[in-house]
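Examination of the molecular architecture
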Amino acid sequence: AITIGSAIVKSQAEASAARAQARAYQQNAAVARETAAVQEADSRRQTQQALGRQRAVYANSGVTLTGSPLTVQNDTATTGELDALNIRRAGQTASDRALAEASAIRWNQRVKLLSDAFGLGKTLLTASAPRPNPWPSPRPQPEPDFPILS
């Protein structure tokens, strides 16, 4: 009974630890998404600032936004957008990885709980099964088929 009780307590403690670990991974996923969103917005803002500086330099020089200056502006905008999208993708990948880890922890814990339950059931059945008598009673001796001479 003590073994079964300690096994139940141990199983419950492991389940609680697994739930906490899964929650931590879920929080990490949320943080990764939020961090990526902030970095993505910062990247876009920096691109817009760079485009503004370029326009200011062109305006001071008397250059119009045609030909090469326009190409430079387009390249800057394209590169900036690709950077922002890469930041988003990296955040989503980190988030997905953390969510997958949380899911795996939950799944493994379910399997472990089932395994523990079957193990406890086996222990209970084994403990309640009739045991052979360590001191068997002597068997009656069969009568011999031949006459006994005295």
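Definitions and cut-offs
Residues numbered from 1 in each chain as written. Predicted model: local features only at pLDDT ≥ 70, side-chain atom pairs only at ≥ 80, totals over all residues. Heavy atoms only, no water. Helix = DSSP H or I, 4+ residues; strand = E, 2+ residues; numbered from the N terminus. Buried < 20%, exposed > 50% of the residue type's maximum accessible area, 1.4 Å probe, protein only. Contact = heavy atoms within 4.5 Å. Salt bridge = Lys/Arg side-chain N within 4 Å of Asp/Glu carboxyl O.

Secondary structure assignment for the protein chain yields two helices and zero strands. Counting across all 150 residues of the protein chain, residues that qualify as buried make up 18%. In the protein chain, of all internal contacts separated by at least 6 residues, the share reaching a separation of at least 24 is 83%.

What follows deals with the side chain of Glu 40. Note that Glu 40 resides in helix H1 (residues 2-61). In this view, Glu 40 contacts Ala 84, Ile 87 and Arg 88; residues no more than four positions away in its chain are not counted.

Tallied over the full model, the rule gives six salt bridges. Its salt-bridge partner being Arg 44, residue Glu 40 comes within 2.5 Å of it at the nearest N-O pair. Separated by four residues within a single helix, Glu 40 and Arg 44 lie in helix H1, roughly one turn from each other. Relative accessible area serves as the criterion here: at 8%, Glu 40 is assigned to the buried category. Looking at Arg 44, the relative accessible area reads 27%, which means it is partly exposed. Ionic pairing is found between Glu 40 and Arg 88, a salt bridge with its closest N-O pair at 2.7 Å. In this pair, Glu 40 sits in helix H1 while Arg 88 sits in helix H2 (residues 68-128), placing the two residues 48 residues apart along the sequence. Through salt bridges that share partners, Glu 40, Arg 44, Glu 81 and Arg 88 make up one connected network.

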